[in-house]
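Analysis of the macromolecular model
Spelled out, the chains give:
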Amino acid sequence: MSDNRQSLSDLGAALNQQREAAVASSDERADQYLTGQIDEPVQRAPLREQELDKQGRAYATGRRKDAVARVWLKPGSGKITINGRDSLIYFARPTLRLVINQVFGITDREGQYDVNCTVKGGGLSGQAGAVKHGISQAITKYEPILRAPVKAAGFLTRDSRTVERKKYGRAKARRSFQFSKR
């Protein structure tokens, strides 16, 4: 399948379509059981308990590449603060901000939670992925009912891909040194 996305709005529309399809398929199966079209009941995972600290926040840790993000999530106006700075300043690229806000788009919770996080290590792309992973974990701790759509989108799984180490006798991990004939 070839995706030819030309703008951020196209990508946002595609994410909305994926979200609607995931929600519709799970609801459709439950409706079929209730109307008697299917004999076996819909297997639903047991609901987890809400995990909050003394200030009423959900805490989670997100990781990606060499970046580690500590995320605190609480109900609010939708303000995202990263290392004491606004997300618009910290992640200047729109694609990185889009990565962070994917979780809220899938769960239909845009502008409902304030996020405060600290990120260390890695580059900006890895840090954005770590923040996304942390927000995903935290939102499922605050609202356990949202675990199914977030997990179906693959946001709870830590992306374990990292840079391969450099080997001796090589310029990088696999690249050889330039060959010289003379």
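These remarks concern the structure in this document. The model shown is predicted, which means the values in this text are computed figures rather than measured ones.

Glancing now at the pairing of strand β1 (residues 58–64). Burial of β1 is one-sided: the residues Ala 58, Ala 60, Gly 62 and Arg 64 facing one way are buried, the residues Tyr 59, Thr 61 and Arg 63 facing the other way are not. Alignment of β1 against strand β2 (residues 67–75), held across seven bridges, turns out to be antiparallel. In the sheet register, Ala 60 faces β2, and the bridge partner there is Val 71. A loop of two residues connects β1 with β2, the two strands running antiparallel in sequence, and Lys 65 in this loop sits at a positive phi of about 55°.

Reading across the sheet, the five strands line up as β1-β2-β5-β3-β4 and stay open at both edges, with mixed pairing between neighbours. Looking at strand neighbours, the two that pair on one side only are β1 and β4 (85–86), the edges of this open sheet. The pairing of β2 with strand β5 (residues 113–120) spans eight bridges and is antiparallel. By the bridge assignment, Arg 70 is partnered in β5 with Thr 118. Running at roughly 145° to strand β3 (residues 80–82), helix α3 (residues 94–107) makes contact with β2, β3 and β5 of the sheet.

A few words now on the pattern of salt bridges. All chains considered together, the criterion is met by six salt bridges. As a salt-bridge pair, Arg 64 and Asp 159 come within 3.5 Å of each other at their nearest N and O atoms. On the criterion of sequence distance, the pair formed by Arg 64 in strand β1 and Asp 159 in the segment after α5 (147–152) is long-range, its members being 95 residues apart. Judged by relative accessible area, which is 15%, Arg 64 ranks as buried. Assessed through its relative accessible area of 25%, Asp 159 is described here as partly exposed. Where Arg 109 meets Glu 143, a salt bridge forms, and the shortest distance between an N and an O atom there is 2.9 Å. Highlighted residues: Arg 109 in the loop between α3 and β5 and Glu 143 in the loop between α4 (124–142) and α5, separated in sequence by 34 residues. Several salt bridges converge on common partners, so that one network encompasses Arg 64, Asp 159 and Arg 161.

The subject of this paragraph is the layout of surface pockets. The space that makes up the second largest pocket amounts to roughly 240 Å³. If you trace the second largest pocket, you find 15 residues lining it, with Arg 64, Val 99, Gly 129, Lys 132 and Asp 159 closest to the centre. In terms of residue count, α4 provides more of the lining of the second largest pocket than any other element does, five residues in total. Classifying every residue of the lining of the second largest pocket gives four nonpolar, six polar and five charged.

Here is what the cut-offs are and how they apply
- Residues numbered from 1 in each chain as written.
- Predicted model: local features only at pLDDT ≥ 70, side-chain atom pairs only at ≥ 80, totals over all residues.
- Heavy atoms only, no water.
- Buried < 20%, exposed > 50% of the residue type's maximum accessible area, 1.4 Å probe, protein only.
- Helix = DSSP H or I, 4+ residues; strand = E, 2+ residues; numbered from the N terminus.
- Pairing = 2+ DSSP bridges.
- Contact = heavy atoms within 4.5 Å.
- Axes fitted to C-alpha atoms, helices over the stretch in contact; angles between N-to-C directions.
- Salt bridge = Lys/Arg side-chain N within 4 Å of Asp/Glu carboxyl O.
- 1 Å grid on protein atoms, 1.4 Å probe; cavity = no way out; pocket = protein on both sides within 12 Å on 5 of 7 lines; lining within 4 Å.
- Points joined across faces, edges and corners; volume = space filled by probe spheres on them.
- Nonpolar A, V, L, I, M, F, W, Y, C, P; charged D, E, K, R; others polar.

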